[in-house]
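Residues per chain, in single letters:
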Amino acid sequence: MRMTCLIPLCLIAAPALAQADLSAEAFDSYTRGKTLFYGFDGQAYGVERYLEDRRVIWSFLDGQCKEGTWYEENGQICFIYEDRFDPQCWTFQSTPDGLIARFENDPVSTELYEADEIGEEMFCLGPDTGV
């Protein structure tokens with residue numbers, strides 16, 4: 001009898017434990033002025049610098065940096081970069097260990113996490129120049 005009473009309580013409490021997606025305002029407040037490294041599947045994935053006016057600079061840690069902007073659409077944070085005009089939309093959740101980003105809010109798609117210090121720095125090579 002006791003067990004059957006606890007099951008409904010667990011079902012009600014489970015959604016409360018889930019982290020809510022960050023709003024544009026909360027995302028901006030958390031990221032603005034920071035440079036965040038992201039990991040995927042235990043490996044370094046990339047780094048993004050968050051600037052004023054929702055501007056960003058992204059790199060896959062290869063020295064090639066792409067400038068872009070972000071905006072909120074349908075509860076997702078969408079990025080457009082200088083070399084790619086189709087939006088890349090993510091949901092972000094704040095956890096005690098940092099941000100978690102889920103591509104297009106799809107639970108089976110790419111999920112990035114904010115990495116601790118990974119011994120890397122964000123660096124951007126200059127533009128390619130000819131001879």
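Remember, predicted model here, so these are calculated numbers, not experimental data. (Residues numbered from 1 in each chain as written. Predicted model: local features only at pLDDT ≥ 70, side-chain atom pairs only at ≥ 80, totals over all residues. Heavy atoms only, no water.)

With that settled, the discussion passes to the overall build of the protein. The helix and strand inventory of the protein stands at two helices and eight strands. The proportion of buried residues among the 131 residues of the protein is 31%. Across the protein, the fraction of contacts at a sequence separation of at least 24, relative to all contacts at a separation of at least 6, is 37%. Per element, the accessible surface of the protein, about 8800 Å² overall, is 54% carbon and sulfur. (Helix = DSSP H or I, 4+ residues; strand = E, 2+ residues; numbered from the N terminus. Buried < 20%, exposed > 50% of the residue type's maximum accessible area, 1.4 Å probe, protein only. Contact = heavy atoms within 4.5 Å. Areas by Shrake-Rupley, 256 points an atom, 1.4 Å probe, with all protein chains shown as cover.)

It is worth spelling out the state of the cysteines at this point. Taken as a whole and judged by the stated rule, the model has two disulfides. Between cysteine 65 and cysteine 124 runs a disulfide, and the two sulfur atoms are separated by 1.9 Å. Across the S-S bond linking cysteine 65 and cysteine 124, the dihedral sits near -90°, which makes this disulfide left-handed. Taken together, the residues span a long stretch of sequence, with cysteine 65 in strand β4 (residues 65-73) and cysteine 124 in the segment after β8 (111-114) at a distance of 59 residues. The exposure class of cysteine 124 is partly exposed, given its relative accessible area of 39%. Here the cysteine-cysteine linkages of the protein are recorded as 1-4, 2-3, numbering only bonded cysteines and doing so in sequence order. (Disulfide = S-S within 2.5 Å.)

Further remarks concern the pairing of strand β6 (residues 84-95). Pairing of strand β5 (residues 76-81) with β6 involves four bridges; the strand directions are antiparallel. What sits directly across from cysteine 78, in β6, is cysteine 89. Here β5 hands over to β6 after two residues, the two strands then running antiparallel side by side. Both β6 and strand β7 (residues 98-103) contribute to a ladder of six bridges, which runs antiparallel. (Pairing = 2+ DSSP bridges.)

A separate point is the sheet that holds β8. Sheet architecture is closed into a barrel: eight strands sit in the order β1-β2-β3-β4-β5-β6-β7-β8, paired in antiparallel fashion. Adjacent strand axes in the sheet meet at a mean angle of 35° when their direction is disregarded. The sheet contact formed by β7 and β8 spans three bridges and is antiparallel. In the sheet register, isoleucine 100 faces β8, and the bridge partner there is tyrosine 113. (Axes fitted to C-alpha atoms, helices over the stretch in contact; angles between N-to-C directions.)

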